[in-house]
Amino acid sequence: MSNPDSPTPEPLIAPDFTWFNNARFGIFVHWGIYSVGQYEASWAFFNHGVPGQDPKDSLPLDEYMAQRHAFLARRFDPVAWCELFKAAGARYTILGTKHHDGVALWDTAEGLSTVRDCTAGKDLVAPFVDAARAAGLHLGLYYSHLDWNHPDYATVRQPGGFTHIPKDSPSYRYAYPEGPDDPERWENFLRFHRLQLKELCERFSPELLWFDGHWERSSEQWKFAELRKQLLEWRPGVILNGRMGGYGDYDTPEQGIPTIAPKGVWELCMTMNKSWSMALHPSYKTAQELVRTLCECAGMGGNLLLNVSPLGDGTIFYEQERLLREIGAWLAVHGDAIYGTQAGLPFTHFYGPSTLSADRTTLNLFVVDRPWSEVSVKGIRNKIKSITLVGHEGELKHRISGGAEFANIPGVLWISVPAEACNPLGSVVKIKLDGPLDFYASEGQVVTQN
Ligand code: GLC
């Protein structure tokens, strides 16, 4: 029998990936108490005393947590952040609302938070959410399932005893109980976990939830099947990343660009330097490398989620801002070849990334290396309407060479690309076809009849 006092549950709305797939470029933000001392988020205490870890990169839990007293967030300007992300050409942003250290950046009812436990003394998620919306960015929130500071987290082991932490490691205690399992306390942890996620969904209405830290418990222990349903009730239509033990919506390869396109919807998350949080000795990737990675992701039908790691006071380090603005300037000219596109040709057909427009009548070739007078493309059976170099007047000269007409195998298209006109971050050669790409890929043929 239904309970007349309980509200009618909202219908489950399946996620719609249209905006996500069109966006192609997003900005991830890792910011918290760990940004103060410029240590790696949460891992700095987890790795402390672990053999093989550089002691300079870690510190004991109490010293790690002491950073909260100096976390003032005095220069936190979410409007300026989001305007910068917009200027970088990002279409969405994902804010870390709670890392593995358990310090929530919003005014949560339970657990550690920047409101109660840090000198900042305020909710940092709410103003960010408003600023992201005002800037027209799609909004996602990062949340770590595991919480190494919650008293009820380290209360049960994973069935089968699998763990990424050696038993004699000092960090074992953050993840697993010292004595026997205590399933009741684990249930209490799950209650808290749901409470926080309900708060995030209902207060901030994110379009995407970006989970992390699922690896220390099984899907059954997390009750991920049930969680998926709950999340879609609390926030109909929300997209869930894949770190949900098989119950998420898309894959999130991390740091290393895939060399084979993952199946389905996907997003590469990557840092500009080596760490997720502001680091003392960063060694930055170049704008050229970052733009190339974005082209490679789009070329394989995926997104790039590029990480930004502000300083403890909320300042975005000048080197990060410079890189974002360089990417933005490039996208302002070449964005048509990135946003709303589909995966392009295999690398056998063009020696670089490429994308197709949504209607498949325009092929964008990314010329990321300095060309020698001509670049070549194989497999196009269509008639060519025009070929241009984005950002330049006039058409590029081209010729078609060879081919096997008797077997409908197209010749190789050679395009003259003047190196001096190319953009050092990457150029786009735009080929307009007479219709949707009529594509040839095969092992070739010999004459069987004359
Ligand atoms: C890893 C790390 C975490 C980081 C995340 C981002 O799971 O544990 O520190 O936030 O990747 O993808």
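Residues numbered from 1 in each chain as written. Predicted model: local features only at pLDDT ≥ 70, side-chain atom pairs only at ≥ 80, totals over all residues. Heavy atoms only, no water.

**Describing the packing of helix α8 (residues 183–204) against helix α10 (residues 224–234)**
- For the pair α8 and α10, the least separation of the axes is 9 Å and the interaxial angle reads 30 degrees. Considering their axes alone, α8 and α10 lie roughly parallel with respect to each other. Along this stretch, α8 crosses α10, giving a crossing that reads as right-handed. Seen from α8, the contacting residues are His193, Arg194, Leu197, Lys198, Cys201 and Glu202; seen from α10, they are Glu226, Leu227, Gln230, Leu231 and Trp234.
- Looking at the contact of α8 with α10, its residues break down into 5 nonpolar, 2 polar and 4 charged. (Axes fitted to C-alpha atoms, helices over the stretch in contact; angles between N-to-C directions. Helix = DSSP H or I, 4+ residues; strand = E, 2+ residues; numbered from the N terminus. Parallel < 35°, antiparallel > 145°, perpendicular 65-115°, else oblique. Left-handed = near helix turned anticlockwise from the far one by under 90°. Contact = heavy atoms within 4.5 Å. Nonpolar A, V, L, I, M, F, W, Y, C, P; charged D, E, K, R; others polar.)

**Overview of the site of the ligand**
- Taken together, the neighbourhood of the ligand is formed by 13 residues, with His30, Trp43, His100, Asp212 and Glu254 sitting nearest.
- Between the ligand and the protein, one listed contact pairs an oxygen atom with a side-chain N or O atom of histidine 100 at 2.9 Å.
- Within the complex, the protein chains bury 94% of what would otherwise be the 310 Å² of accessible surface of the ligand.
- Grouping the constituent residues of the shell around the ligand by class yields 7 nonpolar, 3 polar and 3 charged. (Near = heavy atom within 4 Å. Polar contact = N/O pair within 3.5 Å; in protein donor to acceptor, adjacent residues only side chain to side chain. Areas by Shrake-Rupley, 256 points an atom, 1.4 Å probe, with all protein chains shown as cover.)

**Some thoughts on the domain arrangement of the protein chain**
- For the protein chain, the domain assignment lists domain 1 (18–337) and domain 2 (344–433).
- Each partner contributes to the interface: domain 1 provides 14 residues, whereas domain 2 provides 17 residues.
- Each partner contributes to the roughly 1,300 Å² buried at the junction of domain 1 and domain 2, and carbon and sulfur atoms together form 63% of this total.
- The interface formed by domain 1 and domain 2 contains 1 salt bridge.
- The salt bridge partner of aspartate 369 is arginine 292, with a shortest N-O separation of 2.6 Å.
- Summed over the shared surface of domain 1 and domain 2, the number is 6 residue pairs in polar contact (both at pLDDT 80 or more). (Domains from an automatic or database assignment. Buried area = accessible area lost by both parts, 1.4 Å probe. Salt bridge = Lys/Arg side-chain N within 4 Å of Asp/Glu carboxyl O.)

**Here we look at α10**
- For α10, the full list of buried residues reads Phe224, Leu227, Arg228, Gln230, Leu231, Leu232 and Trp234.
- The inward-facing, buried residues of α10 abut α8, β4 (208–212), α9 (219–222) and β5 (239–240). (Buried < 20%, exposed > 50% of the residue type's maximum accessible area, 1.4 Å probe, protein only.)

**A short note on empty space enclosed by the protein**
- Inspection of every chain in the model, using the stated rule, returns 1 cavity of 30 Å³ or more.
- Each pocket or cavity is described by its volume, and for the largest cavity that value is around 40 Å³.
- In this structure, the largest cavity is lined by Val29, His30, Trp31, Tyr34, Gly96, Lys98, His99, Leu105 and Tyr142.
- Residue classes in the lining of the largest cavity are distributed as 5 nonpolar, 3 polar and 1 charged. (1 Å grid on protein atoms, 1.4 Å probe; cavity = no way out; pocket = protein on both sides within 12 Å on 5 of 7 lines; lining within 4 Å. Points joined across faces, edges and corners; volume = space filled by probe spheres on them.)

**Digging into the sheet that holds β5**
- A sheet is described by the order of its strands in space; here 7 strands give the open sequence β5-β4-β3-β2-β1-β7-β6, paired in parallel fashion. One side of each edge strand has no neighbouring strand; the edge strands of this open sheet are β5 and β6 (267–270).
- Sheet analysis places strand β2 (residues 92–98) next to strand β3 (residues 138–144), joined by 6 bridges and oriented parallel. Residue pairing across strands places threonine 93 opposite leucine 139, the latter belonging to β3.
- Helix α11 (residues 287–299) contacts β1 (25–29), β6 and β7 (303–308) of the sheet and is inclined by roughly 150 degrees relative to β7. (Pairing = 2+ DSSP bridges.)

**Quick word on the sheet that holds strand β10 (residues 362–367)**
- A sheet is described by the order of its strands in space; here 5 strands give the open sequence β8-β9-β10-β15-β12, paired in antiparallel fashion. Here the strands that pair on one side only, and so sit at the sheet edges, are β8 (342–343) and β12 (384–389).
- Of the pairings in the sheet, the one linking β8 to strand β9 (residues 354–356) comprises 2 bridges and is antiparallel in character. In the strand pairing of β9, alanine 343 is matched with threonine 355.

**Overview of α11**
- Its 13 residues give α11 an end-to-end C-alpha distance of 18 Å, which sits within 8% of 18 Å, the value for a rise of 1.5 Å per residue.
- Among all positions in α11, only Ala287, Leu290, Val291, Thr293, Leu294, Cys295, Cys297, Ala298 and Gly299 are buried. (Expected span 1.5 Å × (residues − 1).)

**A few points about the nonpolar core**
- Core analysis: the largest hydrophobic core is formed by 100 residues, its most contacted members being Phe25, Phe85, Phe128, Leu231 and Leu306.
- Per-element accounting of this core gives the leading share, 8 residues, to α8.
- With residues near it in sequence (within four places) discarded, leucine 306 still touches Phe25, Gly26, Ile27, Phe28, Met270, Thr271, Met272, Leu290, Leu324 and Ile327.
- Residues Phe350, Val367, Val377 and Ile380 belong to the second largest nonpolar core, which totals 21 residues. (Core = buried A, V, L, I, M, F, W, Y, C linked by side-chain atoms within 4.5 Å.)

**Looking at the environment of glycine 444**
- In this structure, glycine 444 sits in the segment after β15 (427–433).
- Taking relative accessible area as the criterion, glycine 444 reaches 39% and is therefore assigned partly exposed.
- It is 47 Å that separates the C-alpha atoms of glycine 444 and histidine 214, two residues lying 230 residues apart in sequence.

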